[in-house]
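Examination of the molecular architecture
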Amino acid sequence: MTGLNFIGAGLIVIGAALGIGRIGGQAMDAIARQPEASGKIQTAMLIAAALIEGIGFAALFAA
Amino acid sequence: MHRFLGHYYLSDMQNIFSLKTICLLFVFVTTFSFAKETKAEAGENDIKTEIKEYIDHHLLDSYDFSLFSYTKDNGEHVYVGFPLPVILWDDGLKVFSSSKLKHGETVAEVGGNYYKSYHGKIYKTDAEGTITYDEAHHPTNVKPLDFSITKNVFTILIVGLLMFLMFGSMAKSYKNGALPKGMGRFLEPIVLYIRDDIAIPNIGKKHYKRYMSFLLTIFFFIWIVNLLGLTPLGVNVTNNIAVTLALALLTFLITNFTANKSYWGHIFWMPGVPKLMRIVLAPIELLGIFIKPFSLLIRLYANITAGHIVLMSIIGMMFIFKNWIGSSLSFGLAFALSLLELLVAALQAYIFTMLSALYFGQAVEEHDDH
Amino acid sequence: MEKLINEFSIGLFFWMLVLFVALVFLLRKFAWKPILDAVETRESGIENALKAAENAKLEMQNLQADNERLLQEARAEREAMLKDARELKAKMIADAEEDAQAKANKMIEQAQAAIEGEKKAAMAELKNHVATLSLEIAEKVVRDELSSKDKQMELVESMLVDAKLN
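Residues numbered from 1 in each chain as written. Chains lettered and ligands numbered in written order. Predicted model: local features only at pLDDT ≥ 70, side-chain atom pairs only at ≥ 80, totals over all residues. Heavy atoms only, no water.

Notes on the overall build of chain C
The following threshold applies: In this description a helix means any DSSP run of H or I spanning at least four residues, a strand means any run of E spanning at least two, and both kinds are numbered starting from the N terminus. For the radius of gyration, the atoms used are the C-alpha atoms, and the globule rule reads 2.2 Å times the number of residues raised to 0.38. Type-normalised accessible area, obtained with a 1.4 Å probe on protein chains alone, sets the label of each residue: buried when under 20%, exposed when over 50%, and partly exposed for intermediate values. To measure how exposed things are, a 1.4 Å probe is used in the Shrake-Rupley method; for residues, cover is taken only from the protein chains shown. Charge counting follows a simple rule: Lys and Arg are positive, Asp and Glu are negative, and His as well as the terminal groups are ignored. Where a charge lies is defined by one atom per residue type: Lys uses NZ, Arg uses CZ, Asp uses CG and Glu uses CD.
Counting secondary structure elements, chain C contains three helices and zero strands. The secondary structure elements of chain C, listed N-terminal to C-terminal, are α-α-α. Taken over the C-alpha trace, chain C has a radius of gyration of 66 Å; the compact-globule value for 166 residues is 15 Å, which it surpasses by more than 25%. Sorting the 166 residues of chain C into buried and exposed places 11% on the buried side. Summed over its atoms, the accessible surface of chain C is roughly 13,800 Å², and 62% of this surface lies on carbon and sulfur atoms. Charge separation in chain C, taken as the distance between the mean sites of 24 positive and 31 negative side-chain charges, equals 5 Å.

Following this line, the structure appears as structure tokens:
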């Protein structure tokens, strides 16, 4: 890994973390607004987070 | 790269579960680990390399089941555990006990061929056990096809046996009445959860039964194996890319072999979009078929590996800090992380199962809306 | 990536695949199928039981309504019967009264008729008595009167005078 790779990996991590953070935050908002739909929201949140995570990992391994 | 994984992994969990404390501790870790790197003394360096080697060794598969090892005063390594069979395909089947390899310290002679293990892999060598390296320090010796019952294979076998006994007895307990007894009381809600909250919503009431066996098996397998990875036994099945690849490959095969016409229609000739877009979309969708299981395998592998690396690094830090503040802090951190790892063990099993179910659902979904 | 490919162990992959597929099939036969079937049977059993309970409840309600209705009917019937009886009683009393009245009237009439008859008979007897008595008296008087010739002649003459006058 060269220095640039490290920077790239860092950028990916920051991006993925921001994305997942947003998902988590929005999910919390959604649950606060509609507590009765929390199950569905959690599922959707986990799937979305997992997809971003997947991209993040894929990019990290490519880096 | 490992630290980045840990970094990312932590921020992931923290966001999902809003663990502010973890966030704070995480800041400490990074500060300390940077501090650790900047003031490298000669003595510390030794411990650090030793820890690093230990972690590397811990993450690797091995040919025997060693519970722990220590070094005697005279420099002799003592391993506590038991050997496992080595099975090689090298001009015919070669089966011998891994005790012959002596953890890479000696050369094993089987049927006129000489083998030596080096960094968890068996290489064919000459009688002296010479290993030649290329410029990147990779061995250039011939690697025979290796079907050994390694520590991981052995663990998989044990877990399979355990699951068979557990669920077999659970199934039997239904014969005496409508309610399960013993273990089943604890396992039944999980089985029902997978059926009612993973399989049915994602696959649909019509088709879910076909996939239940796979989903249940994969969930419990990943979960148990992840939990075993947290025990001091030192078995890490899911941090092998080969294991996660096998699991993801099964999901991939099942998805594509049970897919209906509408699924393939949506991949090669997306309905409801202009013709030109269809041509553009087809290769993307086709790529998606492979990316989906690939992300599955990488996610499981990376989460577990990252967890292990971070946890073991923090445990290792206890020995690097020679003062009580640093050591007790790393102890607390290691404890908190272990708890988090318990959660991750279940969460990763859940996500793998969930996404598999989602893919199966896409494969059998009937689109009558267009 | 390179490290991952280096680390990849075909043996582990092979065993994992074989063992896992075997595990899926074994568990399907010996665990998942019986477990899921048992759970399903239980669930459908519970569902049926719940439905049966609901039905029983409905039936109970119907039965209760029926009972209520029957009771109401019985009460109404009793009421009607009582009313009829009361009416009958009144009628009977009225009839009896009327009857008694009529009988009494008749008896009075009969009595009156009897009295009248008796009276008439008595009167007739009395008349006869009076007639006989008067005849006897007249006979005696006549005997007396006609005892002498003169007196007889005188009478005849007076009578003749009377007759002439008439």
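Some points on the overall build of chain A
What chain A contains, in helices and strands, is two helices and zero strands. In terms of overall dimensions, chain A has C-alpha extents of about 50 × 15 × 5 Å along its principal axes. Here chain A, with 63 residues, has 40% of them falling under the buried criterion. If you sum the accessible surface of chain A, you get close to 3,400 Å²; carbon and sulfur atoms cover 68% of it.

Observations regarding the UniProt feature "domain: V-ATPase proteolipid subunit C-like" (unreviewed entry) in chain A
Which entries qualify depends on this criterion: UniProt positions are given in the numbering used here, feature names are shortened, and annotations may be inferred rather than shown by experiment.
In the numbering used here, UniProt assigns the "domain: V-ATPase proteolipid subunit C-like" (unreviewed entry) feature to residues 7-61 of chain A. The span residues 7-61 of chain A shows a helical share of 93% and a strand share of 0%, and its end C-alpha atoms are spaced 14 Å apart.

Some remarks on the packing of helix 5 (residues 183-203) of chain B against helix 2 (residues 10-145) of chain C
To keep things clear, this is the line we draw: Working convention: axes come from line fits to C-alpha atoms, limited for helices to the stretch in contact. Angles between N-to-C directions cover 0 to 180 degrees. Note on terminology: angles under 35 degrees are roughly parallel, angles over 145 are roughly antiparallel, angles of 65 to 115 are roughly perpendicular, and the others are oblique. Contacts were defined at the residue level, with two residues in contact if any of their heavy atoms lie within 4.5 Å. Classification convention: Asp, Glu, Lys, Arg as charged; Ala, Val, Leu, Ile, Met, Phe, Trp, Tyr, Cys, Pro as nonpolar; all other residues, Gly among them, as polar.
Where helix 5 of chain B meets helix 2 of chain C, the closest approach of the two axes is 12 Å, and the angle between their N-to-C directions is 85°. Classed by the angle they form, the pair helix 5 of chain B and helix 2 of chain C counts as roughly perpendicular. Counting all contacts with helix 5 of chain B, which are made through B:E188, B:V191, B:L192 and B:R195, the residues of helix 2 of chain C involved are C:W32, C:I35, C:L36, C:V39, C:E40, C:R42 and C:E43. Tallied by class, residues from the contact of helix 5 of chain B with helix 2 of chain C come to six nonpolar, no polar and five charged.

Some remarks on the UniProt feature "coiled-coil region" (unreviewed entry) in chain C
UniProt's entry tags residues 36-121 of chain C with the feature "coiled-coil region" (unreviewed entry), counted in the numbering of this structure. The span residues 36-121 of chain C carries 100% helix and 0% strand; its end-to-end C-alpha distance comes to 122 Å.

Overview of a negative patch on the surface
Residues and elements named next belong to chain C. Applicable threshold: A patch is a set of surface residues, each over 30% in relative accessible area and not in a salt bridge, joined within 9 Å for like charges and within 5 Å for the nonpolar side chains Val, Leu, Ile, Met, Phe, Trp and Tyr. For this document, the term salt bridge refers to a Lys or Arg side-chain nitrogen within 4 Å of an Asp or Glu carboxyl oxygen.
Together, D144, E145, D150, E154 and E157 make up a region of like negative charge exposed at the surface. Sorting the residues of the negative patch by element identifies helix 2 and helix 3 (149-165) as the ones contributing at least two each. Here D144 lies in helix 2.

Thoughts on the sheet that holds strand 5 (residues 108-110) of chain B
Residue and element names in this part refer to chain B. The condition that has to hold: Two strands pair if DSSP finds at least two bridges between them.
In space, the three strands of this open sheet follow the order 5-6-7, with antiparallel pairing throughout. One side of each edge strand has no neighbouring strand; the edge strands of this open sheet are strand 5 and strand 7 (121-125). Adjacent strand axes in the sheet meet at a mean angle of 35° when their direction is disregarded. Sheet analysis places strand 6 (residues 113-118) next to strand 7, joined by five bridges and oriented antiparallel. Residue Y118 lies in a different strand from strand 7, and its bridge partner there is K121.

A look at the sheet that holds strand 8 (residues 145-146) of chain B
Residues and elements named next belong to chain B. Taken together, three strands build an open sheet; the order of strands is 4-3-8 and the sheet is antiparallel. Either end of the sheet is taken by a strand with one partner, and the two such strands are strand 4 (93-97) and strand 8. Pairing between strand 3 (residues 85-89) and strand 8: two bridges, direction antiparallel. Across the sheet, residue L88 finds its bridge partner in strand 8, namely D146.

A closer look at the UniProt feature "transmembrane region" (unreviewed entry) in chain C
Mapped onto this numbering, the UniProt entry annotates "transmembrane region" (unreviewed entry) at residues 6-27 of chain C. Between the C-alpha atoms that bound residues 6-27 of chain C there is a distance of 33 Å. The span itself is 91% helix and 0% strand.

Focus on the interface of chain B and chain C
Interfaces are often sized by the amount of accessible area the parts lose when they come together. This is how it is decided: Once two parts are put together, the accessible area they lose, assessed with a 1.4 Å probe and summed over both, is termed the buried area.
Contacts between chain B and chain C engage 54 residues on the former and 35 residues on the latter. Buried surface at the junction of chain B and chain C, summed over both partners, amounts to about 3,700 Å²; 78% is from carbon and sulfur atoms. For the chain B face of the interface with chain C, the top three residues by lost area are B:F147, B:F164 and B:T217, together amounting to 14%. Seen at the junction of chain B and chain C, the total is three salt bridges.

Points about helix 8 (residues 261-268) of chain B
Residue and element names in this part refer to chain B. This is how the line gets drawn: Throughout, the arc means that of the directions going from the helix axis to the C-beta atoms.
Of the residues making up helix 8, those classed as buried are Y263, H266 and I267. Viewed end-on, helix 8 has its buried residues packed into an arc of 100°, placing them on one side of the element. Residues of helix 8 that are buried make contact with helix 7 (241-258), helix 9 (275-320) and helix 10 (324-364).

Thoughts on the pattern of salt bridges
Scanning the entire structure with this criterion turns up seven salt bridges over all chains. Residues B:R195 and C:E43 are paired through a salt bridge, measuring 2.8 Å at the closest nitrogen-oxygen approach. Taken together, the residues B:R195 in helix 5 and C:E43 in helix 2 connect one chain to another. Owing to a relative accessible area of 6%, B:R195 belongs among the buried residues under this scheme. Residue C:E43 is classed as partly exposed on the basis of its relative accessible area, which comes to 29%. For C:R69, the salt bridge is made with C:E73, and the minimal N-O distance between the two is 3.2 Å. Note that C:R69 and C:E73 are positioned in helix 2 at a spacing of four residues, about one turn of the helix. For C:R69, a relative accessible area of 45% puts it in the partly exposed group. Looking at C:E73, the relative accessible area reads 41%, which means it is partly exposed. Ionic contacts of the salt-bridge type, sharing partners, join the residues B:R195, B:D196 and C:E43 into one network.

Examining a nonpolar patch on the surface
Residue and element names in this part refer to chain B. On the surface, F268, W269, L276, I279, L286 and F290 cluster together into a nonpolar patch covering about 640 Å² of accessible area. Broken down by element, the residue count for the nonpolar patch peaks at four residues, all from helix 9. Along the chain, the position of W269 falls in the loop between helix 8 and helix 9. Note on W269: relative accessible area 42%, which makes it partly exposed.

Regarding the UniProt feature "transmembrane region" (unreviewed entry) in chain A
Sites flagged by UniProt as "transmembrane region" (unreviewed entry) map to residues 6-23 and 44-62 of chain A. The span residues 6-23 of chain A carries 100% helix and 0% strand; its end-to-end C-alpha distance comes to 25 Å.

Structural notes on the environment of B:Y211
Residue and element names in this part refer to chain B. You can see Y211 is positioned in helix 6 (residues 208-230). Note: C-alpha distance between Y211 and V80 (131 residues apart in sequence) is 42 Å. Apart from the residues within four sequence positions on either side, Y211 is in contact with I203, I254, T258, F360 and V364.

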